[in-house]
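# Observations on the three-dimensional arrangement
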Amino acid sequence: MKWLGAGAVCVALLGFALTSCGKQPSTAELGGTAEAAAATYVAPGDTDEYYLFYSGGHSGNVYVAGVPSMRHISTIPVFAPYPATGYGFDEESKKMLGGFTWGDVHHPAISETKGDYDGRWLFVNDNANNRLARIDLRDFKTKQILGPMPNISGYHGGSFVTPNTEYVLAASRFSVPLPKGTVEPIESYATKYHGVVAGVKIDPTSGEMSVGFQILMPPFNFDLGDAGKGPSEGWAFWTCYNSERATGKLEVTSTQKDRDYIAAVNWKEAEKAVAAGKAKMISGVPVLDPKEVPGIVYFVPCSKSPHGVDVTPDGKYFIGSGKLQSITTAFNVEKMLTTIQNKDFTGNEDGIPVLNYDKVKDAEVNVGLGPLHTQFDNEGNAYTSLFVESAVAKWKLGTWEVLDKIPVTYNIGHLCAAEGDTVHPAGKYLVALNKLSHGRHLNVGPSQPECSQLINIGGEKMKLLYDAFTEPEPHYAQMIKADKLKPFEVYPKESNKNPNAIWDVKDASVVRSGNNVTVKLVAVRSSFEPNKIEVNKGDTVTIHITNIEQTTDELHGFGLLDYNINVVIDPGETKTIKFVADKPGVFAYYCTNFCSALHQEMQGYLLVK
Ligand SMILES: [Cu+2]
């Protein structure tokens, strides 16, 4: 394979150097076109085997695709308004967004029961505004946004879940003086700035999210995490970089030491410590100081500038990779516990013991350049993304031998195997979430999409099956067997508890109270009732719209001209819009979401006198 030689020259230059080194071969060039086509072909009318939920980064959305076809099926707006579904225009979603018009979706996580995806909720973190969202997988809608969370700056280290979804992990990417609002000079960064790692508590029945515990940490940059399972259940792990406590040009100043750390947090002990009143309240949430509560957190040295830390399906190891190295380390949980018990420490960071690396590590696996993130299959294999090398390495847990490697296009970040972070990975498929697509698509100008590549991991050798071009920016994804989800297609009338819902056109009403006008409006094929609303300039107008359809795919929209309002109401759903009628005149409203042959006739008028 000639391209490997060229790649090796390029990787010596590190970073993005490889990206300028010409195109890698296509599947067709590598052979196996017919095989790949058959493996990804989903016939018209048939459905995919897996759902893929992938982060849309700074678009603020989550995207849903089918695997193996890689067809985009749906967009779930989370942290940004999305006119296509009216998200961020009705009162309820506007309140959830809290005035923010963007977020940075990073790492989706499906809720788990006994370490397997249970298909109830999808959590996603917002790296920009320190928020966590919960999407209900019965209707694929955002139901709660928690935050901005106190004390956390740059919520990157989530939203990984514990095996029974007791907690969603959270951590600070950027250390700041606490409480927020305090200003300390940058020169005092090493002592006056703090990181935080945290557990967001999840109500087991409702999924309601609340801050559970936070732990005060040294001013490192906390990056990614994973929860322990099996023998490591009760532990949570986060990588961190900049253990130099450096400021300024971090690409130089934070890469001076050979090793950074993985923080190992005993979350069950942290939970007990909070219950025992050992936390102090900072900005209204309980924060534990490891100096005062020993035994809740330890540092495990890891190759410098690590990204992922990933717990193996059996929970016996956690895999940590330094992105400037060519090895990934398998740390042994049992050895970690023994090292803690023996107090075999090599130092401490602000009172947090640093464990002896050689005593905790089981193996250093020579996977290749720039290992970032690891996923697993059902046959005891691990798959590590190699950012610098733009490849995926397959290696064996236990024997630690590298079995195979496949090039990807280009600069892979995370990867996602089918149920590959659960206790029962499915194998079969892996998606490489690449940062750069580099023109493997029709030219769309300088603003290029990302490239997500589907790889068959069902055989001895990995095989590239498909290039999909995805919206910026796919940081991480979750792939779940389609039959584990049971979304409903209409909201049954009896499930609608909105007190302002009406189900008959004769109950439609326009009621004035002082300067407030409240409208109860029905949308049903192919009209609005009322189709005329008269108000006075300056009135506050509230419109509760119920789509009384109980038929699949019969959505209606409500777009109001010149007032910047558009909502979409699903069958059986009620939404509320509220605005001040500050512009006089006659304004049409119309159904924005195609519904019937007479969709174009579905309209009404707002008269503002
Ligand atoms: Cu309609």
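Going along each chain's sequence as written, the residues are numbered from 1 onward. Reporting in this predicted model follows two pLDDT cut-offs: at least 70 for local features of residues, and 80 or more for side-chain atom pairs to be given and counted; totals over whole chains, interfaces and linings ignore these cut-offs and use all residues. Only hydrogens and water are removed before side-chain values are computed, so all heavy atoms of the structure are retained for them.

This next bit is on the overall build of the protein chain. Only runs of H or I of at least four residues qualify as helices and only runs of E of at least two qualify as strands under DSSP, and these elements are numbered from the N terminus. Helix and strand counts for the protein chain stand at 9 helices and 41 strands. Over its C-alpha trace the protein chain gives a radius of gyration of 26 Å, about what one expects of a compact globule, namely 25 Å for 609 residues. In terms of principal-axis extent, the alpha carbons of the protein chain reach across some 75 × 65 × 40 Å. Counting over 609 residues, the protein chain shows a buried share of 58%. In the structure as shown, the protein chain presents an accessible area of about 24200 Å², 53% of it carried by carbon and sulfur atoms. It is over C-alpha atoms that the radius of gyration is taken, and the globule rule equals 2.2 Å times the number of residues to the power 0.38. To sort residues, take the accessible area from a 1.4 Å probe on protein chains only and compare it with the maximum for the residue type: under 20% means buried, over 50% means exposed, and anything in between is partly exposed. Surface exposure here means Shrake-Rupley accessible area, sampled with a 1.4 Å probe, where a residue is shielded only by the protein chains that are shown.

Turning our attention to empty space enclosed by the protein. Whether a set of points on the 1 Å grid over the protein atoms alone is a cavity depends on a 1.4 Å probe fitting there but being unable to get out, while an open set qualifies as a pocket with protein on both sides within 12 Å along at least five of seven lines; lining residues are those with an atom within 4 Å of a point. Grid points are joined across faces, edges and corners, and a volume is the space filled by probe spheres set on the points. Under the criterion given, the structure shown has 3 cavities of 30 Å³ or more. Around the largest cavity sit 15 residues that line it, and Glu112, Phe160, Val161, Asp226 and Asp421 are the ones nearest its centre. Those elements that provide at least two residues to the lining of the largest cavity are strand 4 (109-113) and strand 11 (221-227). At 3 residues, strand 4 tops the list of elements feeding residues into the lining of the largest cavity.

Before going further, it helps to spend a moment on the pattern of salt bridges. Each salt bridge in this description consists of a side-chain nitrogen of Lys or Arg and a carboxyl oxygen of Asp or Glu lying within 4 Å of one another. This structure, assessed with the given rule, holds 33 salt bridges. Of the charged contacts in the structure, one is a salt bridge between lysine 435 and glutamate 473, with a shortest N-O distance of 3.0 Å. Highlighted residues: lysine 435 in the loop between strand 28 (429-434) and strand 29 (450-456) and glutamate 473 in the loop between strand 30 (463-470) and strand 31 (477-481), separated in sequence by 38 residues. The partner of lysine 481 in a salt bridge is aspartate 483, and the shortest N-O contact between them spans 3.9 Å. Owing to a relative accessible area of 27%, lysine 481 belongs among the partly exposed residues under this scheme. Several salt bridges share partner residues, and in doing so they unite Asp136, Arg138, Asp139 and Lys143 into one network.

In this analysis a donor is any N, O or S atom within 2.8 Å of a metal ion (3.2 Å for sodium, potassium and calcium), and since water is not included, sites may seem incomplete. The copper ion binds to the protein through His556 (ND1), Cys591 (SG), Cys595 (SG) and Met602 (SD), with metal-donor distances spanning 2.1 to 2.7 Å. The rule is simple: four donors are tetrahedral if all their angles sit between 85 and 135 degrees, four are square planar and six octahedral if opposite donors span more than 155 degrees and the others lie between 65 and 115, and anything that fits none of that is irregular. If you look at the copper ion, its 4 donor atoms make angles of 91 to 127 degrees with each other, and the shape they trace is tetrahedral. Expressed as a motif, the donor residue spacing for the copper ion is H-x34-C-x3-C-x6-M. Here histidine 556 is found in strand 37 (residues 556-560), whereas its partner cysteine 595 is found in the loop between strand 40 (585-590) and strand 41 (603-608), with 39 residues between them in sequence. Taking the relative accessible area as the measure of exposure, histidine 556 reaches 0% and is therefore buried. Residue cysteine 595 is classed as buried on the basis of its relative accessible area of 4%.

Cis rather than trans, the peptide bond between glycine 147 and proline 148 has omega equal to 5 degrees. Backbone torsion omega between arginine 525 and serine 526 reads -10 degrees, so that peptide bond is classified as cis. In this structure, serine 526 sits in the loop between strand 33 (516-524) and strand 34 (527-529). With a phi close to 65 degrees, methionine 70 is a non-glycine residue in the positive phi region. With respect to the element layout, methionine 70 can be found in the loop between strand 2 (61-67) and strand 3 (72-77). Positive phi outside glycine occurs at asparagine 130, with the angle close to 60 degrees.

Moving on: the environment of cysteine 451. Residue position: cysteine 451 is located in strand 29. Each C-alpha atom, one on cysteine 451 and one on valine 431, is 10.0 Å from the other, the two residues being 20 residues apart in sequence. Discounting residues that sit within four places of it in the chain, cysteine 451 has contacts with Thr409, Ala432, Leu433, Asn434, Leu436, Ser437, Asp467, Ala468, Phe469 and Thr470. In this analysis, two residues are considered to be in contact whenever any of their non-hydrogen atoms come within 4.5 Å of each other.

Moving on to the nonpolar core. We define a nonpolar core as any set of buried Ala, Val, Leu, Ile, Met, Phe, Trp, Tyr and Cys residues linked to one another through side-chain atoms lying within 4.5 Å. Judged by nonpolar contacts, the single largest core of 28 residues is most densely connected at Val197, Ile215, Met217, Phe222, Trp238, Val297 and Phe299. Among the secondary structure elements, those contributing two or more residues to this core are strand 8 (167-171), strand 10 (209-217), strand 11, strand 12 (235-241), strand 13 (259-266), helix 7 (267-275), strand 16 (297-303) and strand 21 (352-355). The contacts of valine 197, once residues within four sequence positions are left out, are Ala170, Ala171, Phe213, Gln214, Ile215, Met217, Phe222, Trp238 and Val265. The next biggest cluster of nonpolar side chains, apart from the first, holds 27 residues, and it includes Val541, Phe558, Leu560 and Phe587.

A few words now on the packing of aromatic side chains. Here the aromatic set is Phe, Tyr and Trp, taking the six-membered ring for Trp, and pairing holds for ring centres within 6.5 Å; pairs whose planes are under 30 degrees apart are stacked, those over 60 apart are edge-to-face, and all others are tilted. Under the definition given, this model contains 27 aromatic pairs. Ring centres of tyrosine 189 and tyrosine 193 lie 5.0 Å apart, and the angle between their planes is 45 degrees; on these two criteria the pair is classed as tilted. Of the residues examined, tyrosine 189 reaches a relative accessible area of 8% and is grouped as buried. Among the aromatic residues, ring-to-ring pairing joins Phe220, Phe222, Tyr261 and Phe299 into one connected group. We count a charge as sitting over a ring when the NZ of a lysine or the CZ of an arginine lies within 6 Å of the ring centre and within 35 degrees of the ring normal. We note lysine 201 situated over the ring of tyrosine 167; from NZ or CZ to the ring centre the distance is 4.7 Å.

Within the protein chain, residue pLDDT values average 93, and 95% of them lie at 70 or more. Residue-level confidence of the predictor is what pLDDT reports, using numbers from 0 through 100. Across residues 1-22, confidence stays below pLDDT 50; counting only partners more than four residues off in sequence or on other chains, it has 25 contacts.

We call a pair of cysteine sulfur atoms a disulfide when they lie within 2.5 Å. On inspection of all chains with the given rule, the structure shows 0 disulfides. Cysteine cysteine 451 is unpaired, with the sulfur of cysteine 416 as its nearest cysteine sulfur at 15 Å. What makes cysteine 451 buried here is its relative accessible area of 0%.

Residue position: isoleucine 327 is located in the loop between strand 18 (317-322) and strand 19 (328-332). Residue isoleucine 327 is classed as buried on the basis of its relative accessible area, which comes to 16%. Apart from residues lying up to four places away in sequence, isoleucine 327 is in contact with Ser303, Gly322, Glu364, Val365, Asn366, Val367, Gly368 and Pro371.

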